[in-house]
Amino acid sequence: MSASTHRMAPPKTLSILLRHERRMALADRSLLIALAIFAAATLYALASGAAWLRGREADVALAAAQSKQRTADFQTDLRIYEAGQGATLGEKPGWYPGWIKSPLAPDARPGLASLPLALMASNAGEVQPALATMRVATSRYALFDDARASTQNPATLAVGRFDLVFLLTAVLPLLLLAFSHNLLSSELEQGTLALVAVQPVAMTRVVLAKLLSRAAVLLLPALSVIVVGLLLFAGVPASAAAWRDLGALLLMIVSYSLFWLLLSAWVNVRGRSSSSNALRLGGWWLALVLVIPSLLNLLVLGLQPPPDRAELTNRLRATVVNARNGGKNLVSDFNLQHAEQPIRGDANGRDNFDSPKAILKSWLVAQASEAAVAPIADAFERRLSAQQRLAERLRFLSPALSFQSALNRLAGADRSRTEQFIAAVRDYQAAFRGYFVPKIEAGASMTADDLDRIPAFVMPAPRRGSALIADWLGLAWPSVLLALLAARGFRRFRVGK
Amino acid sequence: MLQTKALTKKYGDQTALDSLDLEIAPGEIFCLLGANGAGKTTTINLFLDFIEPTSGAALINGLDVHQNGLATKQFVAYIPEQVTLYRNLTGLENLRFFASLATGEDFGMTKLRSILKSAGLPDGAAEKRVGTYSKGMRQKVGIAIAMAKDAKALLLDEPTSGLDPKASNEFSELLTRLSGEGVAILMATHDLFRARETGTRIGIMRAGKLRQTLRASEIGHADLEALYLEHMRD
Ligand SMILES: Nc1ncnc2c1ncn2[C@@H]1O[C@H](COP(=O)(O)OP(=O)(O)OP(=O)(O)O)[C@@H](O)[C@H]1O
Ligand SMILES: [Mg+2]
């Protein structure tokens, strides 16, 4: 008989091998135990992430509600004064205090809108400014000072939280490696591989079946638990975008898992013992998940030292004091330029803190100090951003970093979402000022109706399509490389030495 | 069916197999004798493409094993000293897996059971986990795999060492039956008695070299032992 008549249809061997692998996997009790532990850890991470997120969202909602309430209270009082009934508020008859009419008084608390998957990333989310504090005169560089003061709690920063991003980046690979480090070596050691290798089946196909079955046996339960956990703690996705995020998350997890499985396969190519493979893979895990990220961190710090925020604060303070000292001149200069309608003190000619002139002075001082600090503060922000960008570009050096970056991005806890929020708040501040500043410069008082028309803050949807694809490519290129190396290795693989 | 052409395997400057020329026709049982380290296992591993030859070639059914690893494996079955099967599976499940992998066909359970029976596995053992099997029972599953595969060539590396005399005898009878069906058999062994009883030809190896080949029918047991010892002495 000729060789070709005996050759069998390829898909059939694969399905035979897959059926066999499934039977062997189901007999392995340690798999069930490991999956149960992983499931518990997943649910714990999601539960604690959900609790953290509830806290943050409550802060944002409370701030917005309080701000709204203050505006409503203002409005009520303004209406009473406008009706000439200030006495009912316990004031002297006819008294109409200037501060309540001041366009400097209204405030706004624009907050970060959480993305559907925000609960995954409480670690990265923790250091993100999520709430701004804004009045007309608030410096654009001080909008997030309150948020910063409350989030940079050294205790949480040092310990870190056990969030889903950490679990999937660091712990999931351990689960995958635990059940794939001996992909081939266990059968080599038991001796069963010799009997397999005597059959007319390519070693690449044997390994492929093992990889596919490991992927199925480990990932199907793991992904199910993640999905169930998300449904439980984040709720059913409410929009098409939310479904897309979930799909993207699953794709990232599968791709990241494939990387680790292929790494196992590649390490098995040499035909070394299971314990040797385990050691080597442990080394890879350590390098990719811990060492390389720390080294890159040091490298970034060396190449782009982070600007010092304390120094910035001191320099800003000095500049502001200078600007404030020049306040009187600012008003007279303004009045010179607006000679047709100069702004003066109150009706009695007194220069009270709530007179139109005092209000104008506050605004002009604020504006002047903001302009004075702009070069310093902008330079600070540029350096910070450059540093973060550099760190982001280096993520391609470790699939763990690319994966972490993808997950933080999907959670809306990444640099670009933070910068987007800051930019949106500043745009909003421009609109907010655009509404109130003309009143200040006209020496006008605010009316109750004016408060109805304050512009509202809108948080834009995240823009991250291409960045997510870049993250994914950071995962995919090492996998492709490993797949090629492993395939070549197994084509040459020999059972004997 | 099984052939080597100046087959040589070196490990560094040590020659494990030195320019072996061998030809085993269908129906022949060739018994390879030789001291520990003579190169018997090396020869078999080269036929299985488990190791690469340094020079020369091993051929199965006219195909160079090293060039056509996959194609030659459809003709050959292998029984090592220890047949290692999946301990968590039954004998029947092991046979089912290896037989389907070998042939691409899914044999029915009745067919598989009857193969195990004709390989001599005791009744009832087929459904037990291989972890509970004796060495002889595992060897029989190995034979069953070879039979299911309908292998044209059989490579045996000390298959009867450690088997009790009865099991060893049954094993030899199976080999004789298979050779009667036209299977070419290469068996490495230390059992001079079995070699003379079962083999059609006998080769004596030493230090990687095949020193002498003779017909089993041409020599008595005492003579074979004397000849073997003589080769080992100098
Ligand atoms: N992987 C290896 N590396 C180095 N030398 C090896 C290797 N495998 C075998 N050898 C050497 O090759 C020679 C032949 O070994 P082989 O296993 O073929 O002997 P054998 O005839 O099967 O012996 P035994 O009767 O003990 O099974 C020996 O000297 C052995 O030390
Ligand atoms: Mg040997």
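Predicted model, so just to flag it, every value in this text is computed and none were measured.

S.K.: Honestly, the overall build of chain B in this entry has me stumped. Any pointers?
M.R.: Helix and strand content of chain B: eight helices and 10 strands. Over its C-alpha trace chain B gives a radius of gyration of 18 Å, about what one expects of a compact globule, namely 17 Å for 234 residues. Overall, the C-alpha framework of chain B stretches about 50 × 40 × 30 Å when taken along its three principal axes. Out of the 234 residues in chain B, the part that is buried amounts to 57%. For chain B, the share of sequence-separated contacts (at least 6 apart) that also reach a separation of at least 24 residues comes to 67%. Entry remark: accessible area of chain B is about 9,400 Å², with carbon and sulfur atoms responsible for 48%. Here chain B contributes 27 positive and 28 negative side-chain charges, whose respective centroids are spaced 4 Å apart.

S.K.: Which parts of the structure should I look at to understand the overall build of chain A?
M.R.: Looking only at helices and strands, one finds 19 helices and two strands in chain A. Computed over C-alpha atoms, the radius of gyration of chain A comes to 31 Å, more than 25% over the 23 Å expected from 2.2 N^0.38 for 497 residues, which places it beyond the range of a compact globule. Projecting the C-alpha coordinates of chain A onto the three principal axes gives extents of approximately 115 × 45 × 40 Å. Counting only residues that meet the buried cut, chain A has 47% of its 497 residues in that class.

S.K.: What exactly am I supposed to notice about the interface of chain B and chain A here?
M.R.: It is common to give the size of an interface as the accessible area lost on bringing the parts into contact. Counting from both sides, the interface comprises 36 residues of chain B and, opposite them, 31 residues of chain A. Around 3,000 Å² of area is buried between chain B and chain A when both sides are counted, 65% of it from carbon and sulfur atoms. Counting the surface chain B buries against chain A, the share from its top three residues, B:Phe50, B:Tyr86 and B:Leu101, is 23%. For the interface between chain B and chain A, the tally reads one salt bridge. A salt bridge links A:Arg494 to B:Asp49, with the nearest nitrogen and oxygen atoms 3.0 Å apart. Applying the counting criterion to the chain B and chain A interface returns eight residue pairs in polar contact (both at pLDDT 80 or more). Looking at the side of chain B that touches chain A, the elements that each hand over two or more residues are helix H2 (69-72), strand E6 (76-79), helix H3 (91-103) and helix H5 (135-149) of chain B. The element best represented in the side of chain B that touches chain A is H3(B), accounting for eight residues.

S.K.: What should I look at first to understand the site of ligand 1 in this one?
M.R.: What surrounds ligand 1 is a group of 14 residues, the closest being B:Gln14, B:Gly37, B:Lys40, B:Thr41 and B:Thr42. Residues within reach of ligand 1 are spread across chains A and B. Taking B:Gln14, its side chain carries an N or O atom lying 2.7 Å from an oxygen atom of ligand 1. Contact between ligand 1 and B:Asn36: an oxygen atom at 3.0 Å from a side-chain N or O atom of the residue. Contact with the protein chains hides 65% of the accessible area of ligand 1, taken as 640 Å² for the molecule alone.

S.K.: What exactly am I supposed to notice about the pattern of salt bridges here?
M.R.: Should their charged atoms come close, side chains of opposite charge can pair. Residue and element names in this part refer to chain A. Going through the model one piece at a time under the given rule, you end up with 26 salt bridges over all chains. A salt bridge links Lys210 to Glu21, with the nearest nitrogen and oxygen atoms 2.8 Å apart. Here Glu21 lies in helix H2 (residues 10-26) and Lys210 lies in helix H11 (residues 203-234), a separation of 189 residues in the sequence. Residues Lys210 and Glu21 agree in their burial class; the two are buried. When salt bridges that share partners are traced, they join Glu21, Glu187, Lys210 and Arg214 into one network.

S.K.: Would you take a moment to explain helix H18 (residues 415-441) of chain A for this structure?
M.R.: An α-helix turns once per 3.6 residues; consequently, residues spaced three or four apart project the same way. Given a rise of 1.5 Å per residue, 27 residues ought to cover 39 Å, and the 37 Å separating the end C-alpha atoms of H18(A) matches this to within 8%. For H18(A), the principal kink sits at A:Tyr435 and spans about 35°; a proline, A:Pro438, occurs within the next four residues.

S.K.: Honestly, the sheet that holds strand E3 (residues 29-34) of chain B in this entry has me stumped. Any pointers?
M.R.: Strand pairing in a sheet relies on backbone hydrogen bonds. The paired strands run either parallel or antiparallel. Residues and elements named next belong to chain B. As summarised here, the arrangement of the six strands in space is E6-E7-E8-E3-E9-E10, forming an open sheet in which the pairing is mixed. Each end of this open sheet is capped by a strand with a single partner; those strands are E6 and strand E10 (209-215). Mean inter-strand twist for the sheet, computed between neighbouring axes without regard to direction, equals 15°.

S.K.: Any chance you could explain the packing of helix H15 (residues 327-337) of chain A against helix H16 (residues 356-393) of chain A here in plain terms?
M.R.: All names here are of chain A. At a minimum axis separation of 9 Å, H15 and H16 run at an interaxial angle of 110°. Comparing the axis directions of H15 and H16 gives the class roughly perpendicular. Contact residues: Gly327, Lys328, Leu330, Val331 and Phe334 in H15; Lys357, Leu360, Lys361, Leu364, Val365 and Ala368 in H16.

S.K.: Can you help me understand the environment of A:Pro356 in this one?
M.R.: Following the sequence through the fold, A:Pro356 ends up in helix H16. Between the C-alpha atom of A:Pro356 and that of A:Ser102, which follows or precedes it by 254 residues, the distance is 7.8 Å.

S.K.: Any chance you could explain the sheet that holds strand E5 (residues 63-64) of chain B here in plain terms?
M.R.: Residue and element names in this part refer to chain B. In spatial order, the strands read E2-E1-E4-E5; together these four strands make up an open sheet with antiparallel pairing. Among the strands making up the open sheet, the edge pair consists of strand E2 (14-24) and E5. Relative to E2, strand E1 (residues 2-11) is paired through seven bridges, and the arrangement is antiparallel. Across the sheet, the residue bridging to Leu2 is Ile24, located in E2. Contacting E1, E2 and strand E4 (55-60), helix H1 (residues 40-47) crosses the sheet at an angle of about 115° to E1.

S.K.: Quick question: what am I supposed to make of the pairing of E4(B) here?
M.R.: Taken residue by residue, a regular strand's side chains alternate between the two faces of the sheet. All names here are of chain B. One ladder, built from five bridges, connects E1 with E4; its direction is antiparallel. Bridge pairing links Leu2 to Ile60 in E4. Where E4 and E5 come together, two bridges link them in antiparallel fashion. The residue of E5 that forms the bridge with Ile60 is Leu63.

S.K.: Just checking my understanding: could you explain the packing of aromatic side chains for this structure?
M.R.: Each pair of aromatic rings is reported with the distance of its centres and the angle of its planes. According to the stated counting rule, one finds 17 aromatic pairs over all chains in the structure shown. Judged by centre distance (6.3 Å) and plane angle (80°), the rings of A:Phe421 and A:Phe457 are edge-to-face. Here A:Phe421 is found in helix H18, whereas its partner A:Phe457 is found in the loop between H18 and helix H19 (465-491), with 36 residues between them in sequence. Centroid distance B:Tyr86 to B:Phe98: 5.8 Å. Interplanar angle 15°. Geometry classified as stacked.

S.K.: Just to check I follow, could you spell out the pairing of E3(B) for this structure?
M.R.: Residue and element names in this part refer to chain B. Of all six residues that make up E3, six are buried, and the element is covered over most of its length. Side-chain alternation along E3 places Ile29, Cys31 and Leu33 on one buried face and Phe30, Leu32 and Gly34 on a second face that is also buried. Bridge count between E3 and strand E9 (residues 201-206): five bridges; the pairing is parallel. Within the sheet, the bridge partner assigned to Leu33 lies in E9 and is Ile204.

S.K.: Sorry, what's going on with the packing of helix H13 (residues 274-303) of chain A against H16(A) here?
M.R.: Residue and element names in this part refer to chain A. Between H13 and H16, the shortest axis-to-axis distance is 10 Å and the interhelical angle comes to 145°. Pair H13 / H16 crosses with right-handed handedness. Contacts from Val300, Leu301 and Leu303 in H13 reach Gln387, Leu390 and Ala391 in H16. Class assignment for the residues of the contact of H13 with H16 results in five nonpolar, one polar and no charged.

S.K.: Just checking my understanding: could you explain the environment of B:Asn88 for this structure?
M.R.: Residue and element names in this part refer to chain B. When you line up the elements, Asn88 lands in the loop between E6 and H3. Separated by 43 residues in the primary sequence, Asn88 and Gly131 have C-alpha atoms spaced 6.5 Å apart. Of the polar contacts made by the side chain of Asn88, one reaches the side chain of Arg129; its length is 3.3 Å.

The rules behind these values
- Residues numbered from 1 in each chain as written.
- Chains lettered and ligands numbered in written order.
- Predicted model: local features only at pLDDT ≥ 70, side-chain atom pairs only at ≥ 80, totals over all residues.
- Heavy atoms only, no water.
- Helix = DSSP H or I, 4+ residues; strand = E, 2+ residues; numbered from the N terminus.
- Rg over C-alpha atoms; globule rule 2.2 N^0.38 Å.
- Buried < 20%, exposed > 50% of the residue type's maximum accessible area, 1.4 Å probe, protein only.
- Contact = heavy atoms within 4.5 Å.
- Areas by Shrake-Rupley, 256 points an atom, 1.4 Å probe, with all protein chains shown as cover.
- Lys, Arg positive; Asp, Glu negative; His and termini not counted.
- Charge placed at Lys NZ, Arg CZ, Asp CG, Glu CD.
- Buried area = accessible area lost by both parts, 1.4 Å probe.
- Salt bridge = Lys/Arg side-chain N within 4 Å of Asp/Glu carboxyl O.
- Polar contact = N/O pair within 3.5 Å; in protein donor to acceptor, adjacent residues only side chain to side chain.
- Near = heavy atom within 4 Å.
- Expected span 1.5 Å × (residues − 1).
- Bend = angle between axes of the 7 residues up to and from the residue.
- Pairing = 2+ DSSP bridges.
- Axes fitted to C-alpha atoms, helices over the stretch in contact; angles between N-to-C directions.
- Parallel < 35°, antiparallel > 145°, perpendicular 65-115°, else oblique.
- Phe/Tyr/Trp six-rings, centres within 6.5 Å; stacked < 30°, edge-to-face > 60°.
- Left-handed = near helix turned anticlockwise from the far one by under 90°.
- Nonpolar A, V, L, I, M, F, W, Y, C, P; charged D, E, K, R; others polar.

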